[in-house]
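Below are the chains, spelled out letter by letter.
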Amino acid sequence: MPVRVVESSVPSQVSGPNSGHHSPQISSLLSVGQAFSGSQNVSSLQKQEAWKVNVRIQGCDLDRGYLCGTMEALNVPMADTPVVTFWEGEIVDIKNYTFFTGKWEAMPDDDIKHWTKFPSFAPFQSQVQADGGKSLDLSNYPFIFMRWKEQYFVNVGTDCGLTIAGFYYVCFSCADVTINGFYYDPNSSPFQKLELKSANEGKTGFSFSSYELQ
Amino acid sequence: MPTTASASTTSGSDGGPSSLVARLSSSDPDVKLKALREVKNQIIGSKTKKLSYIKLGAVPRVASILSAAIADGDCFQTAPAASVRGMLGYSSNVVVQSAAALGSFACGFDDGVQAVLAAGALPLLVRLLDHPDDKVVDVGARSLKMIYQSEFAPKYEILERGSLEFLVSLLNREGENVTELGAHIIAHSCRTFEEQKVMLKAGVLKRLVSLLDGSVGQRDASLGSLAAAFKNNSEVIKEFLGPHGGKLFNAILRLTMDSNAKTRLLACQCLIVIRDATDCYILELGLNRKLVNTLLELLDDPGQVGDESPFVLSSLVLGKEDLHTIALEADAMVKFRDCMEKENVNPRRLRGVLLALADLCSKLEICRSTFLSMQVLKPLVGFLNHKEEDIRIAACNCLKNVTRSIKNLCAGYFMKNEALVTALVLLLMDASEEVQVAALGVVSNIVVDFTTQKSMFVAHEGMQQLFGLSKSMVPAVRSNALWALRNMTFLADDKCKEAVYFGMTPSLIADLICDDELSVQEQALALVRNLVDGSVESIEQVFADDGIILDAAGSQLQCGPNAEVLIQGMYVLGNIACGNEIHKEAVMCLLFPLVGRGPEPFFVNFLLSTDSRLRLATVWVLINLTLPSPGALNRQQRLQKEGVLSIVRSMVNDPCLDVKIRVKTLLTQTELGDF
């Protein structure tokens, strides 16, 4: 979700999904088409403020620890319409990505400060601080840690007065189907909290659409 | 194809080609010999003239002259005095001229090779290899060499009795053309594991290696034949090269820097064959870089080497991300774009470039984004209309890989491109089914458009074409058309879904669900799965025509043997079970049919399946049926009575975390969990 300071973002260099074959999924509710809604606290010292947020997962490639989707901020004061951004995610699976970000101006200290905000990170904290957690096996852990980085504005221009310079530390709970996140940007208010829940969009159940690239 | 002289020589003057061809049948030996020489001289290096003489029926006449000369017998006697003095006798001269003419027809020209073969000249030329005169042997070998460099040459059966001895004898003779011929025959005909082993055991490979120190022709022929002898055969490679590759590996490496372009190309090809067949000759990063650079440089060659280099490059980078990065850093994309933008590019070269470009964009997003940022899309879209079918297919395959970029799909990048959409829709009407399949591959990707820009595709009658192609007699076309419709309906609005229901009709969808082809069944069910994910209205559509679609889905679920089909089918039910009470009850009716029932419901097997995806899909159906709603308790009781929930209870420690969590959800929801 965009915030107010204007700064350009660096495009990531990751691949799209594998084509034509059925890749495994870590959680059926973190798969393409799934929708989440909630809010992001964007309060500053001067003002308490929260923006409504909708998220949709659009692509997933677990082999590469890749996830992507769109994020829609609904009541952005300076925008006439909801602002939609496209984001790409790194899944902390130790194979492709570790808990250490290593880019986007995030130092290991920043990483630890943010990850420790999630109670589900507690069992790993000492190991991560010792060796980056490179020997951890997260495959059967019911929480999925990720970083989400917004890449571009979908429906507004870059001159909209908003920025997507930062990124989110994210934790998905497989059981609760909730997403919690903390926005990190050295130039923005610290620890802006993102809270999302699975959105059933008027349905009496959980439905699953699918697509497959060739 | 050759035609008869009488049918083709309609308008020749005395000095024209027709007259010349007629003189090949002259009764005057001198006139005939002179005509033979003239034909040979005229066709050298000119494909147009070769074709023209082939059409005039020259090849059968030349073959007939050669046959007559051989039958004459004189030329196979001990070398006459004239030959000893360095001059050929008449018969030998005719043999030399006719054999040389046949070789010229075949030289670098597949139509010529086919004409020579059709005229029955191959065994005649082989006979010349036993001639006492070295010059005759040489010209015979040279002509045969031309034939064996073409894919149209017949396979030489290496395992037949006497064949191997013959090959060895060729390789051990002194004449360059003869040894080269031996190597070319091997390059052309050594294909099977057994043939490769026999070559190794007979010491043929050692002899081929020794040819690497010979003339340029021998060296090149040797490299080609070694590649054939090594291809996909790690056993032969390891036995011959030893654990570390040894001298031969290094010798081939050196040849990648040879001054001769063809040698460099063949050396690269040989190294790639070795790498692909074994896991112990992993090429170092520096060497990979060198090979990529060499092959890209060879693209500048205006001739056959330049035409072939992108194919070799493609085999080097195929499926290898590290090599994609290296090629990208070596500016491969610029080279390919420049090549594509040239006028009158040789179609073979163009196909190779498109193939290599497709490989390069198959995995890494950075390659796709470079492709798009360098404006390669524009010329590529142009090739969708190319007159040659192979090029249209290659262009589609390249686009298919480029359009795997979710980042650009999300931005609606491809659907905005009217030239692309228009060209693709036209290809859906192509006369070639292969082109249709390839085009559908691209369409399947670009219609996964997360913005609402599908209107251009619809405006160009794209959807109508997809409906039509879903009825094709060709399974791959049907399957791909459905694949495109399935992707198009991913999170689509009700209007789009209605258009699909209306355009396809429930009975067609039901027929496709029950198609003979598994891939068609899977895509048809995946399409229905998307159609019923959304509003209650969109679910309602599936009940049209007495629920014919649901019946088809139900029958597949009860007897379909394929997990992919079953998974899609269960998600159809799961999505319908997100609707109202009527919809949920309809799903219950499908799960517990009145007729054809066994001792337990069919879907119990799905819960016990070894495929976690099928277990998961089934658990989701049950979750949706028992979520709090007016009829949930009844459904829960039915599931309990039928023994389904007791099976679910046994899944609390499912090895798949996702299934385990959802089982817990289900049991908690049905208040039967002991947590």
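Residues numbered from 1 in each chain as written. Chains lettered and ligands numbered in written order. Predicted model: local features only at pLDDT ≥ 70, side-chain atom pairs only at ≥ 80, totals over all residues. Heavy atoms only, no water.

- Identification of chain B as Armadillo repeat-containing protein 8 from Linum trigynum is taken from an unreviewed UniProt entry.

- Chain A is annotated in an unreviewed UniProt entry as Glucose-induced degradation protein 4 homolog from Linum tenue.
- As stated in UniProt under Sequence similarities (unreviewed entry), the record for chain A gives "Belongs to the GID4/VID24 family." (UniProt positions renumbered as here; feature names shortened; annotations may be inferred.)

## A closer look at the overall build of chain B
Right, so step 1: Helix and strand counts for chain B stand at 44 helices and zero strands.
Right, so step 2: Taking 675 residues into account, the globule formula puts the C-alpha radius of gyration at 26 Å, and chain B, at 33 Å, lies well above it.
Right, so step 3: The C-alpha extent of chain B, read off along each of the three principal axes, is 110 × 60 × 50 Å.
Right, so step 4: Taking the contacts inside chain B whose residues are at least 6 apart along the sequence as the reference set, 71% of them involve residues at least 24 apart.
Right, so step 5: When the accessible surface of chain B is split by element, carbon and sulfur atoms take 52% of a total near 27700 Å².
Right, so step 6: Computed over 67 positive and 76 negative side-chain charges, the separation of the two mean positions in chain B equals 5 Å. (Helix = DSSP H or I, 4+ residues; strand = E, 2+ residues; numbered from the N terminus. Rg over C-alpha atoms; globule rule 2.2 N^0.38 Å. Contact = heavy atoms within 4.5 Å. Areas by Shrake-Rupley, 256 points an atom, 1.4 Å probe, with all protein chains shown as cover. Lys, Arg positive; Asp, Glu negative; His and termini not counted. Charge placed at Lys NZ, Arg CZ, Asp CG, Glu CD.)

## Structural notes on the interface of chain B and chain A
Bring the parts together and some accessible area is lost; that lost area is often taken as the interface size.
Right, so step 1: Of the residues lining the interface, 50 residues belong to chain B; the matching set on chain A comes to 46 residues.
Right, so step 2: Approximately 3900 Å² of surface area, both sides summed, lies buried where chain B meets chain A, with 54% of it carried by carbon and sulfur atoms.
Right, so step 3: Inspection of the chain B/chain A interface yields three salt bridges.
Right, so step 4: The shortest N-O distance in the salt bridge between Glu321 of chain B and Arg64 of chain A comes to 2.5 Å.
Right, so step 5: Counting every contact that joins chain B to chain A gives 24 residue pairs in polar contact (both at pLDDT 80 or more).
Right, so step 6: The set of elements that each furnish at least two residues to the side of chain B that touches chain A consists of helix H24 (365–373), helix H27 (406–410), helix H29 (433–446), helix H32 (475–488), helix H35 (518–531), helix H38 (563–576), helix H41 (612–626) and helix H44 (657–669) of chain B.
Right, so step 7: Along the lines of polarity and charge, the residues of the side of chain B that touches chain A split into 22 nonpolar, 12 polar and 16 charged. (Buried area = accessible area lost by both parts, 1.4 Å probe. Salt bridge = Lys/Arg side-chain N within 4 Å of Asp/Glu carboxyl O. Polar contact = N/O pair within 3.5 Å; in protein donor to acceptor, adjacent residues only side chain to side chain. Nonpolar A, V, L, I, M, F, W, Y, C, P; charged D, E, K, R; others polar.)

## A word on the pattern of salt bridges
Right, so step 1: Overall, the coordinates contain 30 salt bridges over all chains when judged by the stated rule.
Right, so step 2: With a shortest N-O distance of 2.3 Å, Glu90 of chain A and Lys103 of chain A are connected by a salt bridge. Here the residue Glu90 of chain A occupies a position in strand S4 (residues 83–91), and Lys103 of chain A occupies one in the loop between S4 and helix H1 (108–115), the gap between them amounting to 13 residues.
Right, so step 3: You can call Glu90 of chain A buried: its relative accessible area is 5%.
Right, so step 4: With a closest N to O distance of 3.1 Å, Arg368 of chain B and Glu365 of chain B form a salt bridge. Taken together, the positions of Arg368 of chain B and Glu365 of chain B, both in helix H24 and three residues apart, correspond to about one turn of that helix. The exposure classification of Arg368 of chain B matches that of Glu365 of chain B, with both residues buried.
Right, so step 5: Connected via shared salt-bridge partners are Asp61 and Arg64 of chain A together with Glu321 of chain B. (Buried < 20%, exposed > 50% of the residue type's maximum accessible area, 1.4 Å probe, protein only.)

## Some thoughts on unusual backbone geometry
All names here are of chain A.
Right, so step 1: For Val177, which is not a glycine, the phi torsion comes out positive at approximately 55°.
Right, so step 2: With respect to the helices, strands and loops of the structure, Val177 is situated in the loop between strand S6 (167–173) and strand S7 (178–184).
Right, so step 3: According to the relative accessible area criterion, Val177 is buried, its value standing at 7%.
Right, so step 4: Non-glycine residue Phe191 carries a positive phi angle of around 55°.
Right, so step 5: Here Phe191 lies in the loop between S7 and strand S8 (192–198).
Right, so step 6: For Phe191, a relative accessible area of 30% puts it in the partly exposed group.

## A word on the packing of aromatic side chains
Right, so step 1: Going through the model one piece at a time under the given rule, you end up with 34 aromatic pairs over all chains.
Right, so step 2: For the pair Phe124 of chain A and Phe145 of chain A, a centre-to-centre distance of 6.3 Å together with 90° between the ring planes defines the contact as edge-to-face. Taken together, the positions of Phe124 of chain A in the loop between H1 and helix H2 (125–131) and Phe145 of chain A in strand S5 (residues 143–153) put the pair 21 residues apart, joining distant regions of the chain.
Right, so step 3: Ring centres 5.4 Å apart and planes at 80° place the aromatic pair Tyr413 of chain B and Phe414 of chain B in the edge-to-face group.
Right, so step 4: Look at Phe414 of chain B and you get buried, because its relative accessible area is 1%.
Right, so step 5: Over the face of the ring belonging to Phe191 of chain A we find Lys117 of chain A, whose NZ or CZ atom lies 4.3 Å from the ring centre.
Right, so step 6: Sitting over the ring of Phe311 of chain B, Arg348 of chain B keeps its end group 4.0 Å from the ring centre. (Phe/Tyr/Trp six-rings, centres within 6.5 Å; stacked < 30°, edge-to-face > 60°. Lys NZ or Arg CZ within 6 Å of the ring centre and 35° of its normal.)

## Thoughts on the packing of helix H31 (residues 462–469) of chain B against H32 of chain B
Geometrically, a packed helix pair is captured by the angle between its two axes and the distance between the axes.
Residue and element names in this part refer to chain B.
Right, so step 1: Between H31 and H32, whose axes approach to 8 Å, the crossing angle comes to 140°. The angle between the axes of H31 and H32 places the two elements in the oblique class. Once H31 is placed against H32, the crossing between them reads as left-handed. Side by side, H31 and H32 meet where Met463, Leu466, Phe467 and Leu469 of the first sit next to Val477, Arg478, Ala481, Ala484, Leu485 and Met488 of the second.
Right, so step 2: By residue class, the composition of the contact of H31 with H32 is nine nonpolar, no polar and one charged. (Axes fitted to C-alpha atoms, helices over the stretch in contact; angles between N-to-C directions. Parallel < 35°, antiparallel > 145°, perpendicular 65-115°, else oblique. Left-handed = near helix turned anticlockwise from the far one by under 90°.)

## Observations concerning H1 of chain A
Right, so step 1: Of the positions making up H1 of chain A, those classed as buried are Asp110, Asp111, Ile112, His114 and Trp115 of chain A.
Right, so step 2: At its buried positions, H1 of chain A is contacted by H2, S5, S6 and S7 of chain A.

## Observations regarding helix H8 (residues 110–118) of chain B
Residue and element names in this part refer to chain B.
Right, so step 1: Buried within H8 we find Gly112, Val113, Ala115 and Val116. One side of H8 holds all its buried residues, which, seen down the axis, span an arc of 165°.
Right, so step 2: Of the residues one or two after H8, Gly120 is the one with positive phi, at around 75°. (Arc of directions from axis to C-beta.)

## Describing the side chain of Asn445 of chain B
Right, so step 1: Its location among the elements puts Asn445 of chain B in helix H29.
Right, so step 2: In this view, Asn445 of chain B contacts Leu213 and Gln214 of chain A together with Lys400, Thr403, Arg404 and Leu409 of chain B; residues no more than four positions away in its chain are not counted.

## Concerning the layout of surface pockets
The rolling of a water-molecule-sized probe over the atoms marks out the regions of remaining empty space.
All names here are of chain B.
Right, so step 1: If you add up the space inside the largest pocket, you get close to 2100 Å³.
Right, so step 2: Around the largest pocket sit 50 residues that line it, and Gln149, Glu151, Gln304, Glu308 and Arg348 are the ones nearest its centre.
Right, so step 3: Looking at the lining of the largest pocket, the elements that each hand over two or more residues are H8, helix H10 (134–148), helix H12 (176–189), helix H15 (216–230), helix H18 (261–277), helix H20 (304–317), helix H23 (347–360) and helix H26 (389–402).
Right, so step 4: A breakdown of the residues in the lining of the largest pocket according to their chemical character gives 22 nonpolar, 13 polar and 15 charged. (1 Å grid on protein atoms, 1.4 Å probe; cavity = no way out; pocket = protein on both sides within 12 Å on 5 of 7 lines; lining within 4 Å. Points joined across faces, edges and corners; volume = space filled by probe spheres on them.)

## Some points on a negative patch on the surface
Right, so step 1: On the surface, Asp134, Asp138, Glu174 and Glu176 of chain B cluster together to form a negatively charged patch.
Right, so step 2: Under the relative-accessibility criterion, Glu174 of chain B is labelled exposed at 78%. (Patch = residues over 30% accessible without salt bridge, like charges linked within 9 Å, V, L, I, M, F, W, Y side chains within 5 Å.)

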